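Report on the structure
Here is how the chains run, residue by residue.
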Amino acid sequence: MADTELLARRLQCIREELQSASGGRYPAPKLIAVTKTHPAEEILPLHGLGISEIGENRVQEIMEKRAGLERKFQIHLIGRLQSNKVKYIIEDVCLIHSLDRLSLAAEIDRQAHRAGRIMPVLVQVSPAGEEQKGGMPPEEVIPFLEKVREMDGLSVRGLMAVMPLSQDEAYLNGLFADMRSLFERVRDTALDGISMEELSMGMSGDYKLAAKNGATMVRIGSALLGQRNYR
Ligand SMILES: *Cc1c(COP(=O)(O)O)cnc(C)c1O
């Protein structure tokens, strides 16, 4: 990973871009630093740069790294989650971004009760119909929420999306705008027991478009930390 000075410069640049992209219409989104593939000793210096929230996409990796992170960060689980692994991270993560099916909701509910906490979650949506990457079709969100709101071990806080890989800015911009409208529509529906405060969208390749369309959280890995592959 890059040295601290380079990290500080990248971070400054990303923050300025987020600020100006969202400028006027929306507040700048919160930055979640995606630290998957990076070992704990490389993540620790981020704390000194003002980053307190990190994103990880694998349960196994969180379990391996958590001791080394010295409780300095809040961990967001951003990747696909298998129901049978919920129990391993229920006490370690501050927000699960990838709730996309009822069976997973039921298991989060069950494990949260066991752990004596209420687990904050986002519902993952697939705006481009790429459900193999996780996420439900937009039209299923409200019926899903109507079932999930009965579960008192979890607390829905908003929506999350992963956009398709595409260089077509107009296409991506349209998908981000669709997500923002869905988010506002669900919020205005005001379902009892469901809050719609967070819209998690935007990664290294598209965070400016996401900010422009009212993301409240962006998840940025490689643009901040550089590329690193799993061994
Ligand atoms: C890896 C990952 C990111 C960050 O990706 P970058 O392109 O490196 O910024 C964001 N969200 C999810 C779900 C990811 O798995």
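Refer to the structure presented above.
Keep in mind that what you see is a predicted model, and the values were worked out from it rather than measured. All residue numbers refer to position in the chain's written sequence, counted from 1. Residue-level local features of this predicted model are given only where pLDDT is at least 70; pairs of side-chain atoms are given and counted only at 80 or more, and the full residue set underlies all totals for whole chains, interfaces and linings. As a convention, hydrogens and water are excluded, and side-chain values are obtained from all of the structure's heavy atoms.

So, the nonpolar core
By nonpolar core we mean a set of buried residues, namely Ala, Val, Leu, Ile, Met, Phe, Trp, Tyr and Cys, connected to one another through side-chain atoms within 4.5 Å. When a residue's accessible area, from a 1.4 Å probe over protein chains only, is under 20% of the maximum for its type it is buried; when over 50% it is exposed; and in between it is partly exposed. If you look at the biggest cluster of nonpolar residues, it comprises 64 residues, and the most contacted ones within it are I108, L159 and L224. Secondary structure is summarised from DSSP: a helix means a run of H or I of at least four residues, a strand means a run of E of at least two, and numbering begins at the N terminus for each. Of all the elements, helix α7 (residues 169-189) adds the most residues to this core, at seven residues. In this description, contact between two residues means that some pair of their heavy atoms is separated by no more than 4.5 Å. Contacts of L159, omitting those with residues within four sequence positions, involve L122, V123, V125, V141, M179, L182, F183, M196, E198, L199 and S200. Core analysis: the second largest hydrophobic core is formed by six residues, I32, L122, M160 and M217 among them.

A word on the pairing of strand β1 (residues 30-34)
Among the five residues of β1, four are classified as buried, and the element is accordingly described as predominantly covered. Strands qualify as paired when DSSP identifies two bridges or more between them. Where β1 lies against strand β2 (residues 53-56), two bridges are found, and the strand directions are parallel. Bridge assignment links A33 to a residue of β2, and that residue is I54. In this fold, β1 hands off to helix α2 (residues 40-48), which returns the chain to β2; that crossover is right-handed. When the strands point away from the viewer and the path from the first strand over the helix to the second turns clockwise, the crossover is right-handed.

Regarding the side chain of S200
Along the polypeptide, S200 turns up in strand β7 (residues 198-200). Taking the relative accessible area as the measure of exposure, S200 reaches 0% and is therefore buried. Those residues in contact with S200, other than ones at most four positions away along the chain, are H97, L122, L159, M160, A161, M217 and R219.

Some details on the site of the ligand
Any residue with a heavy atom lying within 4 Å of a molecule or strand is counted as near it. Neighbouring residues of the ligand: V34, K36, N57, I78, V162, M203, S204, R219, I220, G221 and S222. Taking R219, its side chain carries an N or O atom lying 2.9 Å from a nitrogen atom of the ligand. Between the ligand and G221 there is a distance of 2.8 Å, counted from an oxygen atom to a backbone nitrogen or oxygen. Coverage of the ligand by the protein amounts to 84% of the 390 Å² it exposes when considered alone. Residue type decides the class: Asp, Glu, Lys and Arg count as charged, Ala, Val, Leu, Ile, Met, Phe, Trp, Tyr, Cys and Pro as nonpolar, and the leftover types, Gly among them, as polar. Within the shell around the ligand, the residues separate by chemical class into five nonpolar, four polar and two charged. Here a polar contact means two N or O atoms within 3.5 Å. Within protein one must be a hydrogen donor candidate and the other an acceptor candidate, and residues neighboring in sequence count only if both atoms are side-chain atoms. Under the convention used here, a 1.4 Å probe and the Shrake-Rupley method define accessible areas, while residue burial counts only the protein chains that appear.

That is the geometry; function is a separate question.
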